[in-house]
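# Secondary and tertiary structure notes
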Amino acid sequence: MTHLEFLPQFPLPANPLALFGVLLLVGALGGELTRRVLNLPRITGYVLIGLTLGASGLNVLDAKMLAYTRVFLDVGLGLVLFELGRRLNLMWLTGDRWLLVMASAESLLSFGCMFGALVWFDIKPLHAAVAAAIGISSSPAIVMLVARELHAEGQVTERALNLVAINSVIAFVLVTMLLSWIHREYHAGVFVMVLHPAYILSVSLFAGYLASLVALGLARWFGKQAEMHIALLLAVIVVLVGAAETLKFSVLIALLAFGVLVKNLDRDHALMPVDVGRFGQIFFIVLFVATGAMLKITDLVASGAIAAIYIAARFVGKSIGVLCFAHLSGIRAGSGGLLSIALLPMSGIALAMTYSATSLYPVFAAELGALVLGAALILELAGPIAVQFALRHAGEAHE
Amino acid sequence: MTTSEMDFKPSPDLSMGVELELQILNSRDYNLARDAADLLKVLEMLEHPGEVKPEITESMIEINSSVHTRYDTLLVELRRIRDAVVQAATRLNLRIAGGGSHPFHKWSERRIYPTERFKYLLEVYGYLAKQFTVFGQHIHIGCPNGNEAVYLTHVFSRYIPHFIALSASSPFQQGEDTGFQSSRLNTVSAFPLSGHIPFVTTWDEFVAYFEKMRRFGIVESMKDFYWDIRPKPEFGTVEIRVLDTPLTVEHAARLAAYAQTLAHYAFTRRPLPASPDVYLVYRHNRFQACRYGLAGTFVDAYTQQQIPLQRDIINTLEVLKPHAAELGTGEALAALRAEADARRSDAAWLRDVHAELGSLNDVARRQSDEWAGRAPVPG
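Residues numbered from 1 in each chain as written. Chains lettered and ligands numbered in written order. Predicted model: local features only at pLDDT ≥ 70, side-chain atom pairs only at ≥ 80, totals over all residues.

## A word on the overall build of chain A
Broken down by element type, chain A carries 17 helices and zero strands. For 399 residues, the compact-globule formula gives about 21 Å, and the C-alpha radius of gyration of chain A, at 21 Å, lands near that figure. Principal axes of the C-alpha set define a box for chain A whose edges measure 80 × 60 × 55 Å. Relative to its 399 residues, chain A shows a buried fraction of 53%. The long-range share in chain A, meaning contacts at least 24 apart out of those at least 6 apart in sequence, stands at 81%. (Helix = DSSP H or I, 4+ residues; strand = E, 2+ residues; numbered from the N terminus. Rg over C-alpha atoms; globule rule 2.2 N^0.38 Å. Buried ≥ 20, exposed ≤ 12 C-beta atoms within 10 Å, placed from the backbone. Contact = placed C-beta atoms within 7 Å.)

Structure below.
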């Protein structure tokens, strides 16, 4: 048989590129079907396809296969976070201080409500605190991509994106700080307890800062050529995402910081406001399919009622925070409610935080997962629908 | 509209008022935003003189001054309205810009502001309604009666190229350099009822013309005429509508002062009889001013000679000097004279910014800096 060695050998090895192509195609088909048949956002369709292919369904996309998609998923997430960071206008926060107050209020109140509710239902304070901290963050990917899909533009859209950026940062910082508590719980040394969060935060911020200096310097050198600026930004984003994995800092903080700094340090407007998201579309689809595949229906069954309590407490906290300051922050009556709805989605980042916060301690991971993952599943599916509803009713969709 | 609404309501001699259509930009890439409704809402809470109104698409607003007889008070008021609008925009993370066109927005992305009239205009005019997202300055000059308004309209018709060239600030459209100094007026010309007043010499003749057009079912009110200059009986004014919104309120006030001084000259000296010949050369002169601005040529219907437009403007400013002294518009006219001498218009400034900074996003950003009276950031 040696003369037939030019033929492929069975079993066929998985090929990451082919897998990416297949997921992209299947995701696109599922998204479009969901839109046409159910009149729901395409993103919900991508997640549904992921669920179908993942552990809860056909189990085609098992943990091993998912590992192959990791790189595409990270690039997609990196693009979203960068875009979000670039939209965070620090000048606006100084021009409309109530927006910053609103952002802090909805973050802290949602944390308070979730923590209180979970403790009330006999969850251990440590678990309740980490779960509540994770729940502060709204999904940057869902809010950003639904807004893109609808071509939405206006005050509710802009404010939702700014609030998402801020609550994601608050959530991450809080989770990282709570890591110290976990360390204490599991008798790690004081040294580790302080150093771990400090390392992640400082290195992530520094990486974002360095990336923005490089991007601005090269943008100046290229001059005002849109195509070159897009290539430049994509390159720096991908390098940063890769470096985060190698050096074990946070993709979330680093990419957000890169986005914020590249916009706000650009005093002479060297970098053109190019749209990198246009190139990200293909990564976004795979991002959601893969996220869907990670979710498990069994998590929902396991967490049951506690997931519903968690979601309700989170929504109540966020709504109170937003509604209390909506009229002071210069938006139309009625927009406050829509803004709270737009903050509903919880995302893959929550999953990532759950895993990263707990990868060191598997027992804790399992207990925390039972609290958070059920809610994540519901909000990953319902979140896009909520955002679409909010932006359409605010009259900001352009279809 | 009943005939009584065509009664000309006399207004104080040589009073003036200014309307400016403004661009609402986002602060991300400086494209047009769609936040007119929210902006108007915030402005309701801020104290300011004059009025702020919606315009045909959600990316525009219009500010109106009150009625003034003096240039200096007009300027003070325009600055106060500008400051209020800029303050409101800042709260919403928006920017405001002058200029006759947005350099790179796409008309198909515009949305009509949801009022009955604007929806009706979209239905009648189709895509022209969205393309009408261009930004003009209107100047009202008060007249004692209808006959004088008709006379002043005809006199102003001779000077239309002056106003076009001095206000020209729309060199870019839809991401391209048009080669024009004012490309905005090409958009206006597409409307079937654009153009100029027919050659009538009394208010009664004008009302008869209007009634006839109304019976034809072509118009319902004076609003339906998109003329370059039109009498406005309910205000008792003649309204000049050919100007691009300048880059600053200061420039807008100067142009109003120019119109006021010209009207003073026309009413006190009666230098020119109304002449149908003005309308023979009208479109030629208008095109020259749009295309070449201060470098265009000008055909004087009264002397039947062709001269550089720049020369005709400088000559006119000379003649107006004593009238300017009487009205207190000398300073404004001197600034316009300097601009005419140097052949510098807002359009040239915009082209220079583009050449210097290399992108139209930067042009739009600098337009909004200029409007707010902020010192431009170097680079």
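The discussion continues.
## Details of the overall build of chain B
Across its full length, chain B carries 13 helices and 13 strands. In terms of overall size, chain B behaves like a compact globule, its C-alpha atoms giving a radius of gyration of 20 Å where 379 residues would be expected to give roughly 21 Å. Looking at chain B residue by residue over its 379 residues, the buried ones come to 50%. Expressed as a percentage of contacts within chain B between residues at least 6 apart in sequence, the contacts between residues at least 24 apart total 77%.

## Here we look at the pairing of strand 12 (residues 297–300) of chain B
All names here are of chain B. Bridge analysis of strand 12 against strand 13 (residues 305–308) gives four bridges, and the strand direction is antiparallel. Across the sheet, residue Thr-297 finds its bridge partner in strand 13, namely Pro-308. Counting the residues that bridge the hairpin from strand 12 to strand 13 gives four residues, and of these Gln-304 lies at a positive phi of roughly 55°. (Pairing = 2+ DSSP bridges.)

## Structural notes on unusual backbone geometry
Residues and elements named next belong to chain B. Within the chain, Tyr-30 stands out as a residue other than glycine whose phi angle is a positive 65°. Backbone geometry at Arg-270 places phi at a positive 50°, although glycine is not the residue there. For Arg-270, the position within the fold is in the loop between helix 8 (249–269) and helix 9 (278–292). For Arg-270, a count of 10 C-beta atoms within 10 Å gives the class exposed.

## Remarks on the confidence of the model for chain B
A low pLDDT score tells you not to read the predicted coordinates there in detail. Confidence in the prediction of chain B, expressed as mean pLDDT, is 94, and 98% of residues score 70 or more. Scoring of the predicted complex yields 0.90 for pTM and 0.85 for ipTM. (pLDDT = per-residue confidence, 0-100.)

## A look at the packing of helix 8 of chain B against helix 10 (residues 309–327) of chain B
All names here are of chain B. Look at helix 8 against helix 10: their axes get within 9 Å of each other, and the N-to-C directions meet at 105°. Taken as axis vectors, helix 8 and helix 10 run roughly perpendicular relative to one another. Where helix 8 abuts helix 10, its residues Gln-260, Thr-261, Leu-262, His-264 and Tyr-265 lie against Val-319, Leu-320, His-323, Ala-324, Glu-326 and Leu-327. When grouped by side-chain class, the residues that make up the contact of helix 8 with helix 10 number six nonpolar, four polar and one charged. (Axes fitted to C-alpha atoms, helices over the stretch in contact; angles between N-to-C directions. Parallel < 35°, antiparallel > 145°, perpendicular 65-115°, else oblique. Nonpolar A, V, L, I, M, F, W, Y, C, P; charged D, E, K, R; others polar.)

## Quick word on the packing of helix 5 (residues 146–167) of chain B against helix 8 of chain B
All names here are of chain B. Between helix 5 and helix 8, the least distance of the axes is 11 Å, while the angle of their chain directions is 150°. As judged from the angle between their axes, helix 5 and helix 8 are roughly antiparallel. As for the relative orientation of helix 5 and helix 8, their crossing is right-handed in sense. Every residue of helix 8 that contacts helix 5 at Leu-152, Val-155, Tyr-159, Phe-163, Leu-166 and Ser-167 is listed here: Leu-255, Leu-262, Ala-263 and Ala-266. Tallied by class, the residues present in the contact of helix 5 with helix 8 amount to nine nonpolar, one polar and no charged. (Left-handed = near helix turned anticlockwise from the far one by under 90°.)

## What to know about the pairing of strand 1 (residues 16–26) of chain B
Residues and elements named next belong to chain B. Burial analysis of strand 1 places eleven of its eleven residues in the buried class, the great majority of the element. As paired elements, strand 1 and strand 5 (residues 136–142) share five bridges and run antiparallel to each other. Across the sheet, the residue bridging to Met-16 is Ile-141, located in strand 5. Here strand 1 pairs with strand 3 (residues 60–64) via five bridges, running antiparallel. Among the inter-strand pairings, Glu-21 is bridged to a residue of strand 3, identified as Glu-62. In terms of strand pairing, strand 1 meets strand 4 (residues 94–97) through four bridges, oriented antiparallel. Among the inter-strand pairings, Leu-25 is bridged to a residue of strand 4, identified as Arg-95.

## Regarding the interface of chain B and chain A
Put simply, an interface is often sized by how much accessible area is lost when its parts join up. Between chain B and chain A, the residue contacts involve 22 residues of the former and 20 residues of the latter. Breaking the side of chain B that touches chain A down by element, the ones donating at least two residues are helix 1 (36–45), helix 2 (71–91) and helix 13 (360–372) of chain B. A class-by-class count of the residues in the side of chain B that touches chain A yields five nonpolar, seven polar and ten charged.

## Some words on the nonpolar core
In terms of nonpolar packing, the biggest core is built from 131 residues, with A:Ala131 and A:Ala342 touching the most fellow members. Excluding residues within four positions of it along the chain, A:Ala131 makes contact with A:Met114, A:Leu118, A:Tyr310, A:Leu368, A:Leu371 and A:Val372. Residues B:Val134, B:Leu243, B:Ala252 and B:Ala332 belong to the second largest nonpolar core, which totals 101 residues. (Core = buried A, V, L, I, M, F, W, Y, C linked by C-beta atoms within 7 Å.)

## Points about helix 17 (residues 362–393) of chain A
Along its 32 residues, helix 17 of chain A runs 43 Å from first to last C-alpha, staying within 8% of the 46 Å computed at 1.5 Å per residue. The largest bend along helix 17 of chain A measures about 40° and falls at A:Gly369. (Expected span 1.5 Å × (residues − 1). Bend = angle between axes of the 7 residues up to and from the residue.)

## Looking at the environment of B:Ile164
All names here are of chain B. Here Ile-164 shows up in helix 5. Classification of Ile-164 as buried rests on a count of 29 C-beta atoms within 10 Å. On a C-alpha basis, the gap between Ile-164 and Ser-189 in space is 14 Å, while along the polypeptide they are 25 residues apart. Aside from chain neighbours lying at most four places away, what touches Ile-164 is Ser-182, Leu-185, Val-242, Arg-286, Ala-289 and Cys-290.

## Some points on the environment of A:Leu150
Along the chain, A:Leu150 falls in the loop between helix 7 (140–149) and helix 8 (155–185). Put simply, A:Leu150 and A:Leu391 are 241 residues apart on the chain and 8.2 Å apart in space, counted from C-alpha to C-alpha.

## Focus on helix 9 of chain B
Residues and elements named next belong to chain B. Between its terminal C-alpha atoms helix 9 stretches 20 Å, which fits the 21 Å expected from 15 residues at 1.5 Å a residue. Residue His-284 marks the point of greatest curvature in helix 9, where the axis turns by about 25°. Along helix 9, the residues classified as buried are Val-278, Asn-285, Arg-286, Gln-288, Ala-289 and Cys-290. Along its buried surface, helix 9 packs onto helix 5, helix 6 (184–189), strand 12 and helix 10. The first or second residue beyond helix 9 is Gly-293, which carries a positive phi of 60°.

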